[in-house]
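Per-entry structural report
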Amino acid sequence: MFINSTTDMTLTEDLVLVQTILTRYVLVVCFILGIIGSICNLLFFCQKKLRSNSCSIYFIATSIFNLVVILIGMSPVLLVSFFPDEPIFKTSAFCKTRAYTIHVFLMMSRSSVVLACIDRFALCSSHAHVRRLNNQRLAILLVIFITLFWLIIPVHVAIFNDIQMPGSPCGASGIYSIFYSIYAATVTAIPLVMMTIFSFCALNNLRNVRMQIRPGLPDTNESTRIRKRDSQLITILISEVVIYVVSTVWFPINSIYSTITSSVHKNADRTAIEGFIRYLALSFLLFFNSCALFYVHLLASKAFRRDCKQFIFYLWKKRQHPQAQRSSGESATNRNRINNTQTQI
């Protein structure tokens, strides 16, 4: 009996140690790289040649939402790990605000990726009325709509999530915990299913469009450039969908499992393992996803890497140009002063 108790405590302590290491070291690195990557995504897709594309509007929105998740969602997790006894982290207001904010902006990010998938599907559609969805103005309106929608719908998260007793983690209780588990699994699974469906449909439509192009017809540089750019955006989008599905699919699965087994008696080993899996599904993987998208784009698309290099060189030359002008201006001023001095002599 003593041996079993010791084993249980050792497993619990080991999993707590692993969770602490993941939070204090891995997530800290992700936090820094995520901020840099989100800003790079914003700068890249805000270029004049790209921001007129409706799909770029959704990428810009996704980058902003992910940046907010990183700054507002991850920061408290990291601070709690380093300063667990700080009183403010144990208040009801902190619990409610953090739960609501993370949920809202994660759902905004997922919704903007879904809209991007629909946009690419519409672009490659053979039906004219479907292609009308590929519209910059409509993209802006839809981003505003999902922002307002997800600010309103999850208000119950801020109302009913709370610290149930001193020392207990922030969360739901009673009947609301069952409702929240079903709600969270539903609103997380629906975007994943829609991403997957519209991504496959977009790829299928793109393949059909390429097969319909008749060989031997003259092709202008403009049409070729647009086609390559749209293909590049589809490649980037598919890479986003893959990382979203891989990192998020565990959230609804864990929510459903927790609801089904809520009344089951569990020993210390099982409780520790389920707590660690819950941490991975509800925190680590979701934050990792928000931080990784820019680097996934770099790995997935050779064209994206090339365009990023060109954009960096452009920014560097633009930064150096005013300095060169300033230096040449100062040199010309100095020469004029010397000439004027010699003339006076």
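The present account deals with the structure reproduced in this document.

Cut-offs used in this document
- Residues numbered from 1 in each chain as written.
- Predicted model: local features only at pLDDT ≥ 70, side-chain atom pairs only at ≥ 80, totals over all residues.
- Heavy atoms only, no water.
- Helix = DSSP H or I, 4+ residues; strand = E, 2+ residues; numbered from the N terminus.
- Expected span 1.5 Å × (residues − 1).
- Polar contact = N/O pair within 3.5 Å; in protein donor to acceptor, adjacent residues only side chain to side chain.
- Disulfide = S-S within 2.5 Å.
- Buried < 20%, exposed > 50% of the residue type's maximum accessible area, 1.4 Å probe, protein only.
- Arc of directions from axis to C-beta.
- Axes fitted to C-alpha atoms, helices over the stretch in contact; angles between N-to-C directions.
- Parallel < 35°, antiparallel > 145°, perpendicular 65-115°, else oblique.
- Left-handed = near helix turned anticlockwise from the far one by under 90°.
- Contact = heavy atoms within 4.5 Å.
- Nonpolar A, V, L, I, M, F, W, Y, C, P; charged D, E, K, R; others polar.
- 1 Å grid on protein atoms, 1.4 Å probe; cavity = no way out; pocket = protein on both sides within 12 Å on 5 of 7 lines; lining within 4 Å.
- Points joined across faces, edges and corners; volume = space filled by probe spheres on them.
- Patch = residues over 30% accessible without salt bridge, like charges linked within 9 Å, V, L, I, M, F, W, Y side chains within 5 Å.
- Areas by Shrake-Rupley, 256 points an atom, 1.4 Å probe, with all protein chains shown as cover.
- Salt bridge = Lys/Arg side-chain N within 4 Å of Asp/Glu carboxyl O.

Quick notes on helix α11 (residues 268-300)
Look at α11: only 42 Å from first C-alpha to last across 33 residues, short of the 48 Å you get at 1.5 Å a residue. Residue N267 occupies the N-cap position of α11, its side-chain oxygen lying 3.3 Å from the main-chain nitrogen of D269.

Comments concerning the state of the cysteines
Such a bond, covalent and formed between the sulfur atoms of two cysteines, is termed a disulfide. In total, this model carries 0 disulfides according to the counting rule given. Its sulfur unpaired, C291 is 5.3 Å from the next cysteine sulfur, which belongs to C30. The cysteine C308 is free of any disulfide, with C40 supplying the nearest cysteine sulfur at 7.4 Å. The exposure class of C308 is buried, given its relative accessible area of 9%.

Quick notes on helix α10 (residues 250-260)
Taken together, the buried positions of α10 are occupied by F251, P252, N254 and S255. End-on view of α10: buried residues confined to an arc of 160 degrees, all on one side of the axis.

Here's the deal with the packing of helix α3 (residues 54-82) against α11
Put simply, α3 and α11 touch, their axes get as near as 9 Å, and they point 135 degrees apart. Judged on the interaxial angle alone, α11 and α3 are oblique. Like other packed secondary-structure pairs, α3 and α11 cross with a definite hand, here left-handed. Contacts between α3 and α11 involve T62, N66, V69, I70, G73, M74 and V77 from the former and F287, S290, C291 and L293 from the latter. Its residues placed into classes, the contact of α3 with α11 shows 7 nonpolar, 4 polar and no charged.

Section: empty space enclosed by the protein
In total, this model carries 1 cavity of 30 Å³ or more according to the counting rule given. Among the elements of the structure, α1 (2-45), α3 and α11 are those that each provide at least two residues to the lining of the largest cavity. A total of 5 residues in the lining of the largest cavity trace back to one element, the largest contributor, which is α11. Split into classes, the residues belonging to the lining of the largest cavity amount to 4 nonpolar, 8 polar and 1 charged.

What to know about a nonpolar patch on the surface
A surface patch of nonpolar side chains, amounting to about 540 Å² of accessible area, comprises I140, L141, I144, L148, L151 and I152. Locating I140 in the fold gives a position in helix α6 (residues 136-152).

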